[in-house]
Amino acid sequence: MEGSLPLATHPSDPATGVSHAPGMAKELPGAIPAPAAGSLPSLEREGGLALYVHWPFCVSKCPYCDFNSHVRDSVDQQAWRDALLRDLAHEAAVLPGRRLGSIFFGGGTPSLMPPATVAALIDAATRHWPAADDIEITLEANPSSVEAARFADLAHAGINRVSLGLQALDDQVLGWLGRAHGVAEGLAALDTAQNHFGRVSFDLIYARPGQTPEAWDAELRRALSFGTEHLSLYQLTIEPGTQFATRVAKGEFVPLDPDAGAELFEQTRAATAAAGLPAYEISNHARPGAESRHNLTYWRYGNYAGIGPGAHGRRDGRATVRRRKPENWIARVEANGHGIEREDDLPPEARAQEALLMGLRLAEGVDLARIAAMSGLSVGQLVDAAAVDRLARQGLLARDGERLTVTDAGMLLLDAILAEIVAA
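Just so it is clear, the structure is predicted and the values come from calculations on it, not from any experiment. (Residues numbered from 1 in each chain as written. Predicted model: local features only at pLDDT ≥ 70, side-chain atom pairs only at ≥ 80, totals over all residues. Heavy atoms only, no water.)

Here the focus is the sheet that holds strand 15 (residues 403-406). Read across the open sheet, the three strands follow the order 13-15-14; overall the sheet is antiparallel. Looking at the sheet topology across the chains shown, the edges are occupied by strand 13 (366-367) and strand 14 (397-400). Where strand 14 lies against strand 15, four bridges are found, and the strand directions are antiparallel. Within strand 15, the position partnered with Leu-397 by the bridge is Val-406. (Pairing = 2+ DSSP bridges. Helix = DSSP H or I, 4+ residues; strand = E, 2+ residues; numbered from the N terminus.)

Okay, structure coming up:
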């Protein structure tokens, strides 16, 4: 769903992995303005920090999902609360003096967490680090009636933004996607969320087998009618190791043709822009000012701490990754006081590459001078200037001084573009 991005070394659609370029449109409508030189968001200037908390458990495993999610018959809730608090305390000890701008509870299904655990983690995090006055605290939730019943308690615990995994507005499609909720239940949960949280987003998966522009137009227009400030709209990708990958290999269904997917992408960009929720990242659309500040920390290559099974973090050029399997992670916490499996100092080239790979997903693009200053490399060392010029002449890139952006036509080819312009 929307924000499990720290589980990936090179994040993309928040939660999946290496960037997917889902489609092409002729014009990028409503792109958010590039920040002026020296005008980085205040939290970045002031040593800002984002915190990601991974809750790995789900009721069932969806057939398209390759996230670090697990089904367990029972969970020792007190043991998990204690372990997460210890993992958090370790990060706070090695990252003192930061200002906390956002917290994101991802998964898995973090709406299955007891609200008391959510409250304890928020309280601990904001004691370890002073919180921004407008701190954004997001929780991913499944839109089931059982989980929606917890929304009031979660709001009381401190959650002020929720991201709902609706995934489709068609009961037959929801069944095919392996979702436990139906459309009516999902929309009831959305209504409950809008009553309890000031900020609400939801996800839809499109470019499904056989999906037509007409069908997606009707579904998307319905989605836009609910008035949320943010939508995450992902094209279906068949990830290795998933149930869907096995079914495709067996010939049980055929993924949508890429050209058809590109048409749906163009259609999506036009519809969301017309509704006042332009794309600010490949798969994310928001009213101006309602972008996910937490995810923008990743895409703008800010510092973030990641706790819980499989979570990744970036601390001033140092990469952290925690044990992935829940049982292994909690054993590591009990033994060492944290769940870290690996910590590496990233060389300047790696930091620059990550900043480019993530930042070029954004409509605002990247400030090459900022990345050069952060990495210690020269602007000329960041990208292949000849390749940039050639791709700009083809209309796939745009460069204005040190501001580099991928055009809408280039988004479909983002992986190929990055391979050409970014030093290996």
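Below, the discussion takes up the pairing of strand 9 (residues 304-307). Burial of the side chains of strand 9 extends over both faces: Tyr-304 and Gly-306 are buried on one face and Ala-305 and Ile-307 on the other. Judged from the four bridges that link them, strand 1 (residues 48-55) and strand 9 form a sheet pairing that is parallel. Bridge pairing in strand 9 links Val-53 to Ile-307. (Buried < 20%, exposed > 50% of the residue type's maximum accessible area, 1.4 Å probe, protein only.)

The subject of this paragraph is the packing of helix 2 (residues 77-94) against helix 3 (residues 115-128). Running from amino to carboxyl end, helix 2 crosses helix 3 at an angle of 15 degrees, the nearest separation of the two axes being 10 Å. With respect to their mutual orientation, helix 2 and helix 3 come out roughly parallel. The handedness of the crossing between helix 2 and helix 3 comes out as right-handed. For the pair helix 2 and helix 3, contact is made by Arg-81, Leu-84, Leu-85, Leu-88, Ala-89 and Ala-92 and by Ala-116, Thr-117, Ala-120, Leu-121, Ala-124, Ala-125 and His-128, respectively. For the contact of helix 2 with helix 3, the class distribution of residues is 10 nonpolar, two polar and one charged. (Axes fitted to C-alpha atoms, helices over the stretch in contact; angles between N-to-C directions. Parallel < 35°, antiparallel > 145°, perpendicular 65-115°, else oblique. Left-handed = near helix turned anticlockwise from the far one by under 90°. Contact = heavy atoms within 4.5 Å. Nonpolar A, V, L, I, M, F, W, Y, C, P; charged D, E, K, R; others polar.)

Of all hydrophobic cores here, the largest spans 105 residues; its most connected members are Leu-51, Ile-103, Phe-105 and Ile-421. Among the elements that line this core, the one with the most residues is helix 13 (residues 348-359), at six residues. Here Leu-51 is in contact with Leu-88, Leu-100, Ser-102, Ile-103, Phe-104, Ala-125, Trp-129, His-294, Ala-305 and Ile-307, once residues within four sequence places are set aside. Among the nonpolar cores identified, the runner-up in size contains six residues, and Ala-50, Tyr-52, Phe-104 and Tyr-304 belong to it. (Core = buried A, V, L, I, M, F, W, Y, C linked by side-chain atoms within 4.5 Å.)

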